[in-house]
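# Summary of the model geometry
Now for the letters of each chain:
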Amino acid sequence: MVKAIVGANWGDEGKGKITDVLANDSDIVIRFQGGANAGHTIVNEYGKFALHQLPSGVFHQNITNIIGNGVAFSVENFVKEIAELESRGVPKPKIIISDRAQIVMPYHVAFDCYEEERLGKNSFGSTKSGIAPFYSDKYSKIGFQINELYDDPDSLREKIKHALGIKNAILKNLYNKPEITEEEVFDKLMEYKEALAPYVGDTFEFIHNALKDGKNILLEGQLGSLKDTDFGIYPMVTSSNTIAGYGAVGAGIPPYEIKEVITVVKAYSSAVGAGEFVSEIFGEEADELRRRGGDGGEFGATTGRPRRMGWLDLVATRYGCKVQGATQVAFTVLDVLGYLDEIPVCIGYELDGEVIDYFPSTTKLKRCKPILKKLKGWKCSISGIKEYDKLPKECRDYIEFAEEQIGVPIKMVSNGPSRDDIIYR
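Scoring rules and cut-offs
- Residues numbered from 1 in each chain as written.
- Predicted model: local features only at pLDDT ≥ 70, side-chain atom pairs only at ≥ 80, totals over all residues.
- Heavy atoms only, no water.
- Buried < 20%, exposed > 50% of the residue type's maximum accessible area, 1.4 Å probe, protein only.
- Helix = DSSP H or I, 4+ residues; strand = E, 2+ residues; numbered from the N terminus.
- Pairing = 2+ DSSP bridges.
- Salt bridge = Lys/Arg side-chain N within 4 Å of Asp/Glu carboxyl O.
- Contact = heavy atoms within 4.5 Å.
- Axes fitted to C-alpha atoms, helices over the stretch in contact; angles between N-to-C directions.

### What to know about the pairing of strand β7 (residues 94-98)
Counting buried residues along β7, four of its five residues qualify, which places the element largely inside the surrounding structure. Pairing of strand β5 (residues 64-67) with β7, which is carried by four bridges, proceeds in the parallel orientation. Bridge pairing in β7 links isoleucine 66 to isoleucine 96. Where β7 meets strand β9 (residues 200-201), two bridges bridge the pair, whose relative direction is parallel.

This is how it looks when you write it as structure tokens:
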């Protein structure tokens, strides 16, 4: 059986923890899109980890972890994360990297930085991980698939020459930066070839054999619906499709095999980077929620940047769950809200004087203002509670109101950072 774990909003919803929890009953975990531009934070018996390239099943010895063909694969980040796991006593995980995955090159990172610098105040708030230049090259057909590293060196050199003809023209004429030599790119790819040799394989055949054998597979997405290239807050989006449907492409699985879509929703809102955020809050109100939020505060797992904060946006969340095709919701970081007397939630938008309950395209979204409803807070800690009925009535009311508005059953409630802080409904 295949389950997808994806985000409903701007990312940072807690997908890593939910993947880590559900991995107990899984055989394979697959990262199917995105790159090292976002992190999944996991707290377990080994400590606290922020994974950027590795699937969140790496802490389970019974699991095969796959980096799918849809991933923007950074070799440097992969090597660094593997070394960190080993240095902190985590047993070596089973990992297969698709030989069809493409490589984030050092010049992708450089181009990302140069473009943000060129745009100045109009920049996209990129994490400067090279993701947009990577996907641009992938669809321009000048990227490097991992399997090409193990092919004829002369063919590889010819492709490098072609790619650099384009890259160096841009470096010289647009960014006024030093050009790249063919030799330095070839040498770097040979370094990658050696580093990846123990991990590379034909994941397509492996996955299809696993499906035939009835294995349990988790597809792990990065970021959330509102950062999707097509359905997100374009152009302030990521450069890949963050939706469960892309899991079929990014992992190489028939779409009809995805039976469940577990969409992760945060009990309040947060976002890193620029773009529309209707329920955003500011000043001391935001600072207080940011300090208390997440696990040790709401700061980007990749960038360390303070996250933008807001109340739960049920309009955006309902839309995000529709985009994902959610069959159930995992509701996270609920414990954070225990300090509030009243908890505002966004139940609608005002657009040009009209009240709407749907999530519009970006040009209209820019003009939207939040319509807030205040729910009574529970004013106590809910950490350590394991049964839903033991939660304070006001807390259950908050969950059930959100569930009614979203229109998808909330089956899991996270009330703390660790693997064990989960309530099942």
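Picking up after the structure, the text goes on.
### Looking at the pattern of salt bridges
With the rule as written, the count across this model stands at 24 salt bridges. A salt bridge links lysine 15 to glutamate 13; the shortest N-O distance between them is 2.8 Å. The residues lysine 15 and glutamate 13 share a single accessibility class, namely buried. When the shortest N-O distance is used, the salt bridge between lysine 390 and glutamate 387 registers 3.7 Å. Connected via shared salt-bridge partners are Asp12, Lys266, Glu298 and Arg307.

### Digging into the sheet that holds strand β13 (residues 280-281)
Taken together, three strands build an open sheet; the order of strands is β12-β14-β13 and the sheet is antiparallel. The outermost strands of the open sheet, each flanked by one partner alone, are β12 (269-271) and β13. Here two bridges tie β13 to strand β14 (residues 308-310), and the two strands are oriented antiparallel to one another. In the strand pairing of β14, isoleucine 281 is matched with methionine 309. In the packing of helix α9 (residues 283-292) onto the sheet, the strands contacted are β13 and β14, and the crossing angle to β14 comes to about 100°.

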